[in-house]
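# Survey of secondary and tertiary structure
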Number of protein chains: 2
Amino acid sequence: MTRMKETIQSISIDLFYQKGYFATSISDIARGCGIQKASIYYHFSSKEELLFQIMSHTMSDLVSLLKESLVQADPIDQRMRVAVRTHVQFHLHRQKENFIANSELRGLSEEHYRSIVALRDEYESIFQALIREGRDNGAFVAVDVRILSYAILNLCTSGAFWYNPGGRLAVEDIAAIYENFIIAGLQNGTLRPPV
Amino acid sequence: MTRMKETIQSISIDLFYQKGYFATSISDIARGCGIQKASIYYHFSSKEELLFQIMSHTMSDLVSLLKESLVQADPIDQRMRVAVRTHVQFHLHRQKENFIANSELRGLSEEHYRSIVALRDEYESIFQALIREGRDNGAFVAVDVRILSYAILNLCTSGAFWYNPGGRLAVEDIAAIYENFIIAGLQNGTLRPPV
DNA sequence: GTCTATACGATGATAGAC
DNA sequence: GTCTATCATCGTATAGAC
């Protein structure tokens with residue numbers, strides 16, 4: 001990838017994160033890069049293509065990272081901890097891209113949308129397999145696998161929406177809080193209210 | 001509120017939910033209402049005003065509902081259960097409006113943005129007070145109140161993004177799953193991983 | 001690879017008749 | 001209250017020179 005192409009991507013990530021995809025114009029991006037807007041089209045065929053590239057890289061990296069993190073044959077609760085930690089760390093370290101990937105699906109064309117959703121589904125199915133395995137061997141309580149996978153992933157992803165890199169808590173602290181909360185829910189989540 | 005004004009709001013909710021605020025044009029709304037686009041401006045001064053009205057009503061109703069649900073002086077874990085259940089039910093029963101209120105803050109003007117965020121902050125602070133109370137009297141484990149309030153609210157809100165009214169699970173089932181999962185996390189969320 | 005210039009469409013909003 | 005007509009603006013994208 002050429003230097004300017006990388007600059008355009010990087011500036012676009014900043015702007016899409018700051019103002020949103022629709023509110024960001026090609027002129028804005030060009031201004032940020034210090035070139036004319038027509039020059040953008042030498043590197044990317046359209047604004048939508050730019051959005052797709054950003055999302056595509058992000059989601060591919062996310063799926064690869066999760067797979068790598070799960071190669072160890074640990075007990076199921078330990079594997080779930082690793083998965084949660086990996087997810088949270090990725091979403092906080094690459095906050096802007098993940099924010100975009102989770103909030104700008106609307107901007108994609110039909111085919112690109114399908115492509116990103118396919119990656120997301122692949123990712124979710126890995127989490128669902130973990131939950132199912134833990135439930136089936138008794139490590140986790142009986143739960144609805146799909147609902148809980150949405151809940152867990154959404155909870156962990158939400159950090160990308162409010163996390164402040166210079167703030168009070170470090171990434172590892174936040175990851176640990178989420179990890180413990182989720183494991184507690186998976187191990188005890190059917191407690192009934194006192195009558 | 002006149003009949004046409006209500007129609008415009010209702011059609012706008014449908015379209016903002018379906019296509020997003022930015023991708024929905026005044027022409028789209030007018031077509032949906034069976035009138036000309038100029039006529040919209042008799043009822044609302046701008047497209048942004050329309051978005052604000054929708055968000056404002058939704059958030060006000062949400063805050064009122066939560067306050068009403070907590071008038072009973074139950075034990076803290078019971079009150080938290082009620083709060084979670086109320087939140088989930090509201091978000092699933094009024095799915096479209098809540099989806100909009102959570103995903104289209106970008107479309108608001110400065111002042112309107114501040115107004116909506118103030119309501120959201122008020123709402124969050126009620127949840128934070130519940131968590132803090134439970135933590136201080138030992139019903140919940142020691143936790144970071146702010147982080148956990150974001151996590152819990154985001155988890156519960158996420159239902160508005162994937163819930164399918166005609167689907168497999170009823171609102172009450174989903175609310176019960178979330179409720180139990182969250183209470184388990186609050187009561188056991190500092191379990192450490194086995195070493 | 002980047003520039004200037006421009007085509008072309010769509011959009012939010014207004015004016016004024018009925 | 002709703003209409004027709006229209007404005008001004010801005011958006012993405014392309015053509016062709018350098």
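Residues numbered from 1 in each chain as written. Chains lettered and ligands numbered in written order. Predicted model: local features only at pLDDT ≥ 70, side-chain atom pairs only at ≥ 80, totals over all residues. Heavy atoms only, no water.

## What about the protein's contact with DNA strand D?
Lining the immediate environment of DNA strand D, one finds 16 residues, of which Ile-26 and Tyr-41 of chain A together with Gln-36, Ser-39 and His-43 of chain B sit closest. By atom count, sugar and phosphate contribute 64% of the portion of DNA strand D lying within 4 Å of the protein. The contact in question runs from a phosphate oxygen of DNA strand D to an N or O atom on the backbone of Ile-26 of chain A, over 2.9 Å. Between DNA strand D and Gln-36 of chain B, the relevant distance is 2.6 Å, taken from a phosphate oxygen to a main-chain nitrogen or oxygen of the residue. At the level of elements, α3 (37–43) of chain A together with α3 (37–43) of chain B are the ones that each hand at least two residues to the surface near DNA strand D. Looking at which element gives the most residues to the surface near DNA strand D, the answer is α3 of chain B, with four residues. Considered class by class, the residues forming the surface near DNA strand D number seven nonpolar, seven polar and two charged. (Near = heavy atom within 4 Å. Polar contact = N/O pair within 3.5 Å; in protein donor to acceptor, adjacent residues only side chain to side chain. Helix = DSSP H or I, 4+ residues; strand = E, 2+ residues; numbered from the N terminus. Nonpolar A, V, L, I, M, F, W, Y, C, P; charged D, E, K, R; others polar.)

## Comments concerning the nonpolar core
Counting residues in each nonpolar core, the largest one holds 124 residues, and the members touching the most others are Ile-152 of chain A together with Tyr-178 of chain B. For Ile-152 of chain A, the contacting residues outside a window of four places in its chain are Val-84, Phe-127, Ile-131, Ile-182 and Leu-186 of chain A together with Phe-181 of chain B. (Core = buried A, V, L, I, M, F, W, Y, C linked by side-chain atoms within 4.5 Å. Buried < 20%, exposed > 50% of the residue type's maximum accessible area, 1.4 Å probe, protein only. Contact = heavy atoms within 4.5 Å.)

## Digging into the protein's contact with DNA strand C
What surrounds DNA strand C is a group of 16 residues, the closest being Gln-36, Ser-39 and His-43 of chain A together with Ile-26 and Lys-47 of chain B. The contact atoms of DNA strand C, taken as those within 4 Å of the protein, divide so that sugar and phosphate hold 61%. At a separation of 2.8 Å, a phosphate oxygen of DNA strand C approaches a polar side-chain atom of His-43 of chain A. One of the side-chain nitrogen or oxygen atoms of Lys-47 of chain B is found 2.9 Å away from a phosphate oxygen of DNA strand C. Within the residue set of the surface near DNA strand C, elements represented by two or more residues are α3 of chain A together with α3 of chain B.

## Some words on the relation of the copies chain A and chain B
The two copies are related by a screw operation: chain A maps onto chain B through 180° of rotation and 0.0 Å of translation along the axis, at an RMSD of 0.0 Å. Classification of the inter-copy transformation places it as that of a two-fold axis. Comparing interface residues between copies, 100% of those in chain A also lie at the interface in chain B; the contact surface is shared. (Least-squares fit on C-alpha atoms with pLDDT ≥ 70 in both.)

## Section: the interface of chain A and chain B
The partner chain B presents 43 residues to the 43 residues of chain A that form the contact. Both faces considered, chain A and chain B share a buried interface measuring about 3400 Å² in area, 64% of it formed by carbon and sulfur atoms. When the buried surface of chain A facing chain B is broken down by residue, Arg-106, Ile-147 and Phe-181 of chain A rank first, second and third, together holding 21% of it. On the surface where chain A and chain B come into contact, there are two salt bridges. Between Asp-144 of chain A and Arg-168 of chain B there is a salt bridge; the shortest N-O distance is 2.7 Å. Across the chain A-chain B interface, the total number found is six residue pairs in polar contact (both at pLDDT 80 or more). Contributing elements (two or more residues each) for the side of chain A that touches chain B: α1 (3–19), α5 (76–93), α8 (145–157) and α10 (171–188) of chain A. Here the element with the most residues in the side of chain A that touches chain B is α10 of chain A; it accounts for 12 residues. (Buried area = accessible area lost by both parts, 1.4 Å probe. Salt bridge = Lys/Arg side-chain N within 4 Å of Asp/Glu carboxyl O.)

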